Amino acid sequence: MSKRLLIIFQIALLFFLSEVAGQDPCLEYNYDGLRFEAFADSLNRAENIQVSYLARWVEDVVIDHPKGTCSLDAVLGRTLAPRGIRYIKDPSGNIILTGNSEVVTALPESFYNVSTRESAIVLEDEGTQPAGESRVLSSTIAAKQVTIGNPAERIPGKRANFSGVITEKETGEPVIGAVVYAESAEVGSITDNNGYFVMTLPSGQHTITLRCVGMENQTINLNLNESGSTKIEMKEEITALRGVIVVADKGKNVSGMQIGLNKISVELIKQIPAVMGESDVLKTAILLPGVQTVGEGAAGFNVRGGSTDQNLILLNSAPVFNSSHFFGFFSAFNPDLVKEFELYKSGIPAEFGGRISSVFQITTKSGNTKKLSGSGGISPVTARLMVEGPTVGESGSFLIGARSTFSDLLLKQFKVSTLQRSSAAFYDANLIVSQSINENNDLALSLYTSNDQFQLSSDTVYNYNNLNGTLEWKHDFSDKLISETKAIFSHYDYNVNSMDNEINAFDLNYAIDYIEGRTDFRYFLSNVHTLKFGISSSWYLLEPGSRYPVGEQSLVEPFQLEKENANEVAFYISDEYNINQRLSVYGGLRFSYYRYLGPKTVNYYSEGPREPFNLISSVYETDRTIQRYAGPAARFSLRYKVDNVSSLKLSYNRMRQYLHMLSNTTAISPTDIWKLSDTHIRPQLGDQVALGYYRDFNNNTIETSAEIYYKHIQDMIEYKGGASLILNEMIETDLIDGTGNAYGLELLIKKKYGRLNGLISYTYSRTLMKVVGEYAEETINRGNYYPANYDKPNDLTAVISYKFSRRFSVSSNITYSTGRPITLPVAKYKLRGSEYVHYSFRNEYRVPDYFRCDISLNLEGNLRSKKLAHSSWSLSVYNVTGRNNVYSIYFVSRSGKIQGYKLSIFSEPIPTLTYSFRF
Amino acid sequence: MQRTIRHIILFLAPVFLAGGCIEPYYPELDRYEDVLVIDGTFTNIDEDRYVNITRTYGYYDVKGTEETGAVVMVRSEDGITATYTEKSPGTYVLPAGSMEGEIGKEYQLLIETSDGSQYTSSYQALKKPSGIDSVYYEKEEIMRIADSPLNGLQVYVDGSDPENETHYYQWEFTETWEFSVAFQKPGYDNKYTCWRSNDSKAIIIASTTQLTEDVAYRQPLNFISTENPRLSRMYSMNVRQLSLPQEAYDFWRKLELANEHAGSLFDPPPTPVIGNIENIEDPEEPVLGYFRVAGASEKRIFISRNEIPADLSPATGNEHCEYLEVVGEGIDELQHGWYLITRFTYMDLLWTALSSHVDCYDCTQKGTNIKPEFWIDPDE
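Rules of the game
Residues numbered from 1 in each chain as written. Chains lettered and ligands numbered in written order. Predicted model: local features only at pLDDT ≥ 70, side-chain atom pairs only at ≥ 80, totals over all residues. Heavy atoms only, no water. Contact = heavy atoms within 4.5 Å. Buried area = accessible area lost by both parts, 1.4 Å probe. Salt bridge = Lys/Arg side-chain N within 4 Å of Asp/Glu carboxyl O. Helix = DSSP H or I, 4+ residues; strand = E, 2+ residues; numbered from the N terminus. Nonpolar A, V, L, I, M, F, W, Y, C, P; charged D, E, K, R; others polar. Pairing = 2+ DSSP bridges. Axes fitted to C-alpha atoms, helices over the stretch in contact; angles between N-to-C directions. Core = buried A, V, L, I, M, F, W, Y, C linked by side-chain atoms within 4.5 Å. Buried < 20%, exposed > 50% of the residue type's maximum accessible area, 1.4 Å probe, protein only. Disulfide = S-S within 2.5 Å. Phe/Tyr/Trp six-rings, centres within 6.5 Å; stacked < 30°, edge-to-face > 60°. Lys NZ or Arg CZ within 6 Å of the ring centre and 35° of its normal.

The next thing to look at is the interface of chain A and chain B. Contacts between the two partners involve 89 residues from chain A and, on the opposite side, 80 residues from chain B. Buried area between chain A and chain B, summed over both chains or domains, comes out near 7,900 Å², and the portion from carbon and sulfur atoms is 62%. Contact with chain B buries area across many residues of chain A, yet Leu555, Lys828 and Arg832 of chain A alone supply 10% of it, more than any other trio. For the pair chain A and chain B, the number of links is three salt bridges. Of the charged contacts, one joins Glu172 of chain B and Arg832 of chain A as a salt bridge, the two residues approaching to 3.1 Å between their closest N and O atoms. Secondary structure elements with two or more residues in the side of chain A that touches chain B: helix 9 (407-413), helix 10 (417-420), strand 28 (506-524), strand 47 (825-831), strand 48 (834-839), strand 52 (888-894) and strand 53 (897-904) of chain A. Class assignment of the residues belonging to the side of chain A that touches chain B gives a composition of 45 nonpolar, 28 polar and 16 charged. Bridge count for strand 53 of chain A against strand 1 (residues 21-24) of chain B is four bridges, and the pairing is antiparallel. Bridge pairing in strand 1 of chain B links Leu903 of chain A to Ile22 of chain B.

Quick look at the structure:
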């Protein structure tokens, strides 16, 4: 199919080109005596030739069109030459007046040659594009003229920097990952996250091609006289409905430096069938190789054998402490506002630190800088709305979005009074503002808040909140040196209010605040070196817990754990060095210096197990610095291009973590607390080596990769049996150190274009833990290795989408994994006539294997480009096969007898209908 | 707290998200661990004191083997010892009057099993008993998923220690109820009304360390459903309140955690719960159970049928009893599956009264007809 189309395009193009090559069209009518404006208008309508000009040049110009000639050149020449106005023709034959500019005089011969050659290249490239209409083609060929500097001052042969920012024409958002390529000089560059690129070229004429997936290709005729920058707009491909599912540069799989990076755009996130119709960033991440979870609906995820708190989840650079709603059933991010996410599993760049397993970076969209628009939708759980538009003067944009449940209504539908007396609600909201101050300074603000409230038929109310924000100032010192300065804060708190028993009625609070200031520099040292360096200072302020009586009768003793404070200063430097076409290396070093700050009471224990009964003294340390930890963390990656379509990559990284989530339960719960490294709790340390082989097929449309990794984690936090983590003044007595070893193989096939697209991934991985202390209390499994709770060796995922037409598509998602490990009783025994179970080795058994298949049918509204709102419907069925996947297995002693139970959350297919709109 | 969240997942999520389900689970186990279990309690109350020594048993077994022929002794900090005698296999008793449980003293359990292994508990202080302020009940409804609510009485206890020294409480109770059968069979007069007793099974503990006063308020002890006949005539409950050392409280708390849903996603991974007894020569050997030394106080309450709220209609336990009167001689055919209550003649005809079940005329099938000493007759 696409092959046939391709041939048609080629024929059309050849025909088209031959017409252009016919030099000078013969005019059908005589235009003598017309004013120039009228002439231009007529040419456009009658001859289909566009004429571009500045009105002031042609104010009094009247066309001189002698009878008997039909040559356009002759007419233009006779009319314009006396006025000293020059013009050029672009390859499509359109006329561009250039005033009396010198520029064009240098052009004629070489210009057309270059353009024609370029057109031919475009033709080849077009063939690989999924879409293509002659309209797209023609605009591809239309070249823009860009002149930098005064041509008079050009020194031939001197090199100059050409830099710029590429934005999307419709929305004004930066175009990331666009390839900017100067054919003649064979120099290329790729735009960064801000759409910025820089390259060094010899001065003179260049044909620059711009390419980016999802954008129309564009050609620029650059007349580079001295260093300078420009702003370029790219148009979104009209064929966007056909969708590009995975945003990545063509060939980046192979030629990019990154190993263990997954970048997923919102298009894919939205395409995946979602439970209850809530498209979910985190649930999408779980489909990627190397990412696992203890159960569907459980909050948090595990990356390559790391625990859930070892993922640095960033929303526009600000950390998020609780990433889910409703105990993990939904993620805390509104899918309408998410642009994409990046998950670094290995080869983590030096600018990141603080968590040892992964960096999960969520980027929100920035507002539309051209016009007011919005989108929204309704699913059975939530309603959501987003509005965006330009700020005054169109030099910036805003975006505001919110999502809220009405599940409370849903709960009331059930004829069970327990549920009717329960309530569950959540909301989240974002505000994103970006403002360009001038050419070299941009400001951006991102604010985010989320809230969950839950009450279960009793008088206990849970409430938890996220609030975070980033203020970013981007400053370009020069074409080569760019800085980004950020002020970041993040807050998380929870509150439990229990009125069940008036004497014991209490209010429990926990809060963590994080404040960070950082400056990051990027220095484009040369075509082959990109330096990044920066410094950050982070403050951690914890209120580890307080409890107050509620009501007059309550006898609860007010209690507050001392606040905890710490400061972490980190600086880093890294260089990406493209040694040659084949070999690139990245080296980075991050140094962090952490101080646990006083004044604060510190517990000291005698020799022997760290237990409350070994407490010697609790000393109120007045020192500012109670405990220091510092150390370097090296980051290294290497890419070797075997050939144009395959490469080998290698990476090593060390990570340090000073903030830990204490969660003794299998899945994380909102009442888990974060704890700082202190006198007793050492920072967690992770080392990872990864090796990958990448290969693209079929003109880079099919990407494959195979990665292996080995990770070693030191000082991972484990818990003694029956550990009590809330409001514990001697919390260190319940914690022990563990060692983790993880290794695995990850295979991934991705097809990004075409009617049929998607990804298939398979992972084989193991995660083993060892906890061995000097004393029996500090040892788990008698000091032997045991599988971690999330050790699921085999994991196969397929996400496949097929577009039947531009309006109708079907997506399916299939997941299989080994069941997670569990501890089963090895015996029963009786005490006082009641049966109890005895457990021995941890995680010796497994729950049955997990399998699930989901399907969604997506119907887009009509394709007219001008209409009030664009709407779409999505019907999804979660767990089509209705398999009873085991969520948990537990044993209860009831009336003195032990009974085992297994719980499945979704044991039937769950259909959901979701409506979304855009305006 | 964790528990509440777990309940949310267990009860709410399946219903809320529809299509969820909880099913009985029968694990496939390839291993069984044989461990010694020692279970003993020593209080200040002078009564028969028991120590049970058994071994663990497989998941699908009913009971473990008893450890017979062991030497069991209790020793006070003053060095006074008393030896238990084996009353039945694995059950060792120290008869009332053998040894005084003195408040403030420390006690230790010493055991030598028949194979010569010696076990000892750590010394446990006998804390002062605390006061039971009140044992009371309220009518309550318990919600059930996809079923009508369960009605009944919820019994609560209030305990306290004005001297603020107890902090860790545990409760146990023995409930006893009087019931009667449906039919009076001649010659079975003493089998019309019986009594039945039941010991509490659940672990009921509370800590008051977070309170300004040492008050354990409104601790739920027992829910008496109207679906069984416990409230049909007269009900009594003897509540024993134990003052535990912190270590003992921690043990029972961990045991409770490990046996209530342990293994669900919102619970800590299950771990062995090891008590205060160890093998002298091999401290690594796991020993289950606990030698509990505690100050104890008791309180008994009675609830008679006419005290309970009028809108509660307790079951009699005789709902299954059918009564059949047959006239004439054709009885032999009917007798299969029916029990004869009586025969009599009326208007020169032979009548036979039959009952569907033995337990409809013989209460000793379900209880004892020996009235407990403490029993108060309900006002008829």
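All names here are of chain B. The strand order across the open sheet formed by three strands is 11-12-16, and the pairing between neighbours is antiparallel. Edge positions in the sheet fall to strand 11 (131-142) and strand 16 (215-225), since each has one partner strand and no second. Strand-to-strand twist in this sheet, taken as the mean axis angle between neighbours without regard to direction, amounts to 25°. By the bridge criterion, eleven bridges tie strand 11 to strand 12 (residues 150-160) in an arrangement that is antiparallel. In the strand pairing of strand 12, Glu141 is matched with Asn151.

All names here are of chain A. The biggest cluster of nonpolar side chains holds 87 residues, and the ones touching the most others in it are Tyr494, Ile512, Leu662 and Leu676. For this core, the leading source of residues is strand 28, giving five residues. Not counting residues up to four positions away in its chain, the partners in contact with Ile512 are Phe321, Ser490, His491, Tyr492, Leu541, Leu542, Leu659 and Trp674. Ranked by size, the runner-up nonpolar core spans 27 residues in total, among them Ala285, Phe301, Leu343 and Val799.

Let us look at the state of the cysteines. Residue and element names in this part refer to chain B. One pass over the structure, following the stated rule, counts two disulfides over all chains. Paired through a disulfide, Cys321 and Cys360 show a sulfur-sulfur distance of 1.8 Å. Because the sign of the S-S torsion sets the handedness, a value of about -90° for the bond joining Cys321 and Cys360 places this disulfide among the left-handed ones. Taken together, the residues span a long stretch of sequence, with Cys321 in the loop between strand 20 (287-304) and strand 21 (323-327) and Cys360 in the segment after strand 23 (349-355) at a distance of 39 residues. We classify Cys321 as buried; its relative accessible area is 15%. On the accessibility criterion, Cys360 (0% relative accessible area) is buried. Assigning the bonded cysteines of chain B consecutive numbers by sequence position, one obtains the connectivity 1-4, 2-3.

Let us look at the packing of aromatic side chains. In this description, an aromatic ring pair is defined by two values, namely the gap between the centres and the angle between the planes. The full count for this structure, using the stated rule, is 43 aromatic pairs over all chains. Summarising the aromatic geometry, the rings of Phe341 of chain A and Phe360 of chain A are spaced 4.8 Å apart at their centres and angled 25° between planes, so their arrangement reads as stacked. Here Phe360 of chain A lies in strand 20 (residues 358-364) and Phe341 of chain A lies in strand 19 (residues 338-344), a separation of 19 residues in the sequence. On the basis of relative accessibility, which here comes to 0%, the residue Phe360 of chain A falls in the buried class. Members of the aromatic cluster, each reached through a chain of ring pairs, are Phe326, Phe329, Phe330, Phe426 and Phe454 of chain A. It is Lys649 of chain A that lies over the ring of Tyr694 of chain A; its NZ or CZ is 4.0 Å from the centre. Across from the ring centre of Phe374 of chain B, 3.3 Å away, lies the NZ or CZ of Arg300 of chain B, which sits over that ring.

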